[in-house]
Amino acid sequence: METWVLITVAAAFLQNVRSAMQKHLKGVMGTTGATFVRFGFGLPFALFYLVVLWRGAGHPLPVPNGTFFLWAVIGGLAQIAATFLLVHLFSFRNFAVGTAYSRTEPAQAALFGLIFLGEKASQGTLVAIAISVVGVMLISVARTTLSPRSLLTSVFSRTAGIGLASGTFFGLSAVSYRSASLALAPSLPATDYVMQASFTLGFVILLQTVVMLAWILARQPEELQRIGAAWRPAFVVGFVGASASFGWFMAMTLQQAAIVKVVAQVEMLFTFASSFFVFREWINRLELLGCLLIVTGVVMLIVL
């Protein structure tokens, strides 16, 4: 099995753990605070990984150029926008519709990869992406009164529009991170994808921390007290989140962002596994169908 696949699966598992812990934090602080924890408490670990590679493992530091800074800034800001839009969806009663459409991220990443990087996907790859996207969308509405037909008819609703916009920004951020990481290649030894990913992650998460901290100080300074009171679980979220992001960045340096994002959908399978085996929650037929479609899409991409 290729290296990027193993890295992606490991990152998906860590992201599942981080998401579960962020839900806990959501109960003790606001949405902005819980979002900031992902970046602010992840920053020390991202910088630690970079220093270990540089000083400990002897990897030379890359020399960033204008292309790197452009894509890194676009990616970092796009991810913040995507996260805010996704969180905003939960203020709507029919948020499941928007959440489902936000899951079109892999398909949109494929489009951005074609536009900005000239990355073409084979017919089989496009079919695999479509199958996995349908699977995730089905899971998103599986426990609501929506049907697959009504999901299609709601494409022009406000929540669907917000969801699509969220997926657009997530797809743009993924392709931007790959572009930024690849821009560092000329200043590094061949195939040093680990340092490319680590340096990109360190810069991006520093940018996101500064932007979000400025927002909190200007708009919600009271959140800082709540964040400080929950520093222990936030510390764990930062570690797990930074480790997962490091995995994503490495995988997207090695492989097209859209393909990585499809394989990353195995996170949904980890979620269902914990729900079934740990919490003894049953999976309904629509969820099971969605899982099977995700597996089908992932297997197709790995085999192709």
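What comes next is a walk through the structure. (Residues numbered from 1 in each chain as written. Predicted model: local features only at pLDDT ≥ 70, side-chain atom pairs only at ≥ 80, totals over all residues. Heavy atoms only, no water.)

Here we look at helix α4 (residues 66–89)
Owing to its 3.6 residues per turn, the α-helix brings residues three or four apart onto one side. The cut-off we apply is this: Starting at the N terminus, helices and strands are each numbered in turn, a helix being any DSSP run of H or I of at least four residues and a strand any DSSP run of E of at least two. For a helix, the expected span equals 1.5 Å multiplied by the residue count minus one. Three exposure classes are used, based on accessible area relative to the maximum for each residue type with a 1.4 Å probe and protein chains only: buried under 20%, partly exposed in between, and exposed over 50%. The term polar contact refers here to a pair of N or O atoms within 3.5 Å; inside protein, the definition further demands a hydrogen-donor-capable atom paired with an acceptor-capable atom, and it admits residues adjacent in sequence only when both atoms are side-chain atoms.
Across its 24 residues, α4 extends 35 Å between first and last C-alpha, which sits within 8% of the 34 Å expected from 1.5 Å per residue. Inspection of α4 places Phe68, Trp71, Ala72, Gly75, Gly76, Ala78, Gln79, Ile80, Ala82, Thr83 and Leu89 among the buried residues, and these make up the whole buried set. Taking the backbone nitrogen of threonine 67 as reference, a side-chain oxygen 3.2 Å away marks asparagine 65 as the first, capping residue of α4.

What about the pattern of salt bridges?
Rules: Any carboxyl oxygen of Asp or Glu that lies within 4 Å of a side-chain nitrogen of Lys or Arg is treated as forming a salt bridge with it.
Taken as a whole and assessed by the stated rule, the structure comprises three salt bridges. A salt bridge links glutamate 105 to lysine 261; the nearest nitrogen and oxygen atoms lie 3.2 Å apart. Taken together, the residues span a long stretch of sequence, with glutamate 105 in helix α6 (residues 105–117) and lysine 261 in helix α13 (residues 257–263) at a distance of 156 residues. Each member of the pair glutamate 105 and lysine 261 is classed as buried. Close ionic contact of glutamate 119 with arginine 178 constitutes a salt bridge, the shortest N to O distance being 2.6 Å. Highlighted residues: glutamate 119 in the loop between α6 and α7 (123–141) and arginine 178 in helix α9 (residues 158–183), separated in sequence by 59 residues. The exposure class assigned to arginine 178 is buried, which follows from its relative accessible area of 10%.

Concerning the packing of helix α3 (residues 43–56) against helix α10 (residues 193–219)
Rules: For helices, the fitted line uses only the C-alpha atoms of the stretch in contact; every axis is such a line through C-alpha atoms, and the angle between N-to-C directions lies from 0 to 180 degrees. For this classification, under 35 degrees means roughly parallel, over 145 means roughly antiparallel, 65 to 115 means roughly perpendicular, and everything else is oblique. Crossings are classed by handedness, with left-handed meaning an anticlockwise turn of the near helix from the far one by less than a right angle and right-handed meaning a clockwise turn. We call two residues contacting when some pair of their heavy atoms lies within 4.5 Å. Each residue gets one label: Ala, Val, Leu, Ile, Met, Phe, Trp, Tyr, Cys and Pro are nonpolar, Asp, Glu, Lys and Arg are charged, and the others, such as Gly, are polar.
One can describe the packing of α3 onto α10 by two numbers: an axis separation of 9 Å at closest approach and a directional angle of 150 degrees. Between α3 and α10, the interaxial angle falls into the category roughly antiparallel. Once α3 is placed against α10, the crossing between them reads as left-handed. Two secondary-structure elements touch here, α3 through Leu43, Ala46, Leu47, Tyr49, Leu50, Leu53 and Trp54 and α10 through Val194, Met195, Ser198, Phe199, Leu201, Gly202, Ile205, Leu206 and Thr209. Taken together, the residues of the contact of α3 with α10 sort by class into 13 nonpolar, three polar and no charged.

What to know about the side chain of serine 102
The residue serine 102 is located in helix α5 (residues 95–102) in this model. Ignoring any residue separated from it by four or fewer positions in sequence, one finds serine 102 in contact with Leu86, Gly163, Leu164, Ser166 and Gly167.

Examining the packing of aromatic side chains
Filter applied, for reference: When the centres of two rings from Phe, Tyr and Trp lie within 6.5 Å, Trp using its six-membered ring, the rings pair. Their planes under 30 degrees apart give stacked, over 60 give edge-to-face, and anything left gives tilted.
Enumeration according to the criterion identifies 13 aromatic pairs in this entry. On the basis of an interplanar angle of 65 degrees and a centroid distance of 5.4 Å, the ring pair of phenylalanine 69 and phenylalanine 203 is categorised as edge-to-face. Taken together, the residues span a long stretch of sequence, with phenylalanine 69 in helix α4 and phenylalanine 203 in helix α10 at a distance of 134 residues. With a relative accessible area of 36%, phenylalanine 69 lands in the partly exposed category. You can call phenylalanine 203 partly exposed: its relative accessible area is 24%. Through pairs of rings, three or more aromatic residues link up here, namely Phe68, Phe69, Phe199 and Phe203.

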